[in-house]
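Analysis of the macromolecular model
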Amino acid sequence: MKRVLCVMLLCALLCGCAREQPGRGQTLFCMNTFMDMTFWGSDADAAAEDLTAIFTELERTWSVTRGDSCLYTGNFTAEQQVLLDRAEQLRLRTGGAFDPRLRSLSTLWGFYNAQNQEPDFTLPTQTQIEQALADPRWDLGGILKGYAGELAVQALEALNIDRAILNLGGNVQTYGEKPDGTPWNIAIQSPDGGGHLGVVSVMGTMSVVTSGDYQRYFEKDGVRYHHILDPETGSPAASGLRSVTVICQNGTTADALSTALFVMGLDKGVELWRQSDDFEAVFVLADGRICATQGAALSGCEYEVIGREN
Ligand code: AMP
Ligand code: MG
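This section reports on the structure supplied with the text. (Residues numbered from 1 in each chain as written. Chains lettered and ligands numbered in written order. Predicted model: local features only at pLDDT ≥ 70, side-chain atom pairs only at ≥ 80, totals over all residues. Heavy atoms only, no water.)

**Considerations on the coordination of the magnesium ion (ligand 2)**
Here is the rule we go by: Only nitrogen, oxygen and sulfur atoms count as donors, using a 2.8 Å cut-off from the metal that widens to 3.2 Å for Na, K and Ca. Water is left out, so coordination shells may look unfilled. Only runs of H or I of at least four residues qualify as helices and only runs of E of at least two qualify as strands under DSSP, and these elements are numbered from the N terminus. Residue burial is assigned from relative accessible area. The probe radius is 1.4 Å, only protein chains are included, and a residue is buried under 20% of its type maximum, exposed over 50%, and partly exposed in between.
Coordination of the magnesium ion (ligand 2) by the protein comes from Gly-142 (O), Asp-255 (O), Asp-255 (OD) and Thr-259 (OG1), over a distance range of 2.0 to 2.4 Å. Going along the chain, you hit the donors of the magnesium ion (ligand 2) in the pattern G-x112-D-x3-T. Of this pair, Gly-142 sits in the loop between α6 (126–133) and α7 (144–157) while Thr-259 sits in helix α8 (residues 251–274); the two residues are 117 residues apart in sequence, bridging distant segments of the chain. Under the relative-accessibility criterion, Gly-142 is labelled buried at 17%. Residue classification places Thr-259 among the buried positions, given a relative accessible area of 15%.

So this is what it looks like as structure tokens:
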């Protein structure tokens, strides 16, 4: 392995580090968001085709608005059941902050609308919230794009693809190393719009997932109601955060954790990080501060580093 790397490095040096070739791009609208993908490698066309098919099928299978999705038929294949079991494990891991059974609640708030239909946001009463919480129904919206990234990596491994970067609407999945050995640089969006507030650098295949209060919301009487719900209160999580970015090798885990940490807030989120060794996180606080765990390679902004010890 080492020798292969040396040969590759030598080739790069001999070639005078030729400018990076543009990759094969592909854009699609899926899971309510634009997905931008770029592939490098001789199977780039096949990769674009395969991933488009995988994501489209994933959306259809787990749709919360289509009557023929497995969520409504209740017939789960073995593979689908594995994903449900994993979602349940992630719920337990996050002390219930990630809860994959909030469909009744999200529907009540009006966060679900069929494609091409305007959302119908409402402010529910406490009684309605309690009824929805007492009616748990699966909704994998909190992990589906991350899972899409995970499936994408598996599909790319079976193809002749050197590297790829997939932006699945706030979920970024990188694949493979860049030929010049530099990291992938992923911008973290500013919660107030207007560009990015920092850059996270990762090497190789990695998932960088952000959950934020600016991604889907409505406003009423000057108050913002966003789509990440606190399973304890039944209302949009009010944990003092604007966004959380999680960096993790596994897309599904990254996606669940970003949602969960957003619900948990900084202190509990850091506690979970200290008990774990599989992710790093960047917290953007409502007061504008940015805090990043010590392994998160964040640049381009001022931030406080969170260490392993208290
Ligand atoms: P994300 O954008 O990945 O943070 O996920 C938000 C989506 O996950 C929402 O649109 C809902 O479908 C679902 N969701 C909302 N609140 C939660 C929660 N506390 N746990 C799990 N899924 C949630
Ligand atoms: Mg998520």
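**Focus on unusual backbone geometry**
Phi is positive for Met-31, close to 50°, though the residue is something other than glycine. Along the chain, the position of Met-31 falls in the loop between β1 (24–30) and β2 (33–40). Given a relative accessible area of 12%, Met-31 falls into the buried group. Backbone geometry places Asp-221, a non-glycine residue, at a positive phi of 45°. Within the element layout of this structure, Asp-221 appears in the loop between β8 (217–220) and β9 (223–226).

**Description of the pairing of β9**
Threshold: Two strands pair if DSSP finds at least two bridges between them.
Sheet analysis places β8 next to β9, joined by four bridges and oriented antiparallel. Paired with Phe-218 across the two strands is Tyr-225, which belongs to β9. Turn length for the β8-β9 hairpin, with the two strands adjacent in sequence and antiparallel, is two residues, and the turn residue Asp-221 shows positive phi of about 45°.

**Thoughts on the site of ligand 1**
Note the cut-off: What makes a residue near a molecule or strand is one non-hydrogen atom of that residue sitting within 4 Å of it. Polar contacts, as used here, are pairs of N or O atoms within 3.5 Å; protein pairs need one atom able to donate a hydrogen and one able to accept it. Residues neighboring in sequence count only if both atoms are side-chain atoms. Surface accessibility in these figures is a Shrake-Rupley result with a 1.4 Å probe; residues are shielded only by whichever protein chains are displayed.
Around ligand 1 sit 17 residues in total, of which Tyr-112, Asp-139, Ser-211, Leu-229 and Thr-259 are the nearest. Within the contact set of ligand 1, a nitrogen atom lies 2.8 Å away from a backbone nitrogen or oxygen of Asp-99. In the model, an oxygen atom of ligand 1 is placed 3.2 Å from a nitrogen or oxygen of the His-227 side chain. Relative to its unbound accessible area of 490 Å², ligand 1 is 93% covered by the protein chains.

**A look at the packing of helix α4 (residues 78–93) against α8**
Rule in force here: Working convention: axes come from line fits to C-alpha atoms, limited for helices to the stretch in contact. Angles between N-to-C directions cover 0 to 180 degrees. Note that the term roughly parallel is reserved for angles under 35 degrees, roughly antiparallel for angles over 145, roughly perpendicular for angles of 65 to 115, and oblique for everything else. Whether two residues touch is decided by their heavy atoms; if any such pair falls within 4.5 Å, the residues are in contact.
Two elements in contact, α4 and α8, have axes separated by 10 Å at closest approach and are oriented at 10°. Taken together, the axes of α4 and α8 are roughly parallel relative to one another. From α4, Leu-83, Arg-86, Leu-90 and Arg-93 reach across to α8, where they touch Thr-252, Thr-253, Ala-256, Leu-257 and Leu-272.

By themselves, these are just geometric observations and shouldn't be taken as functional.
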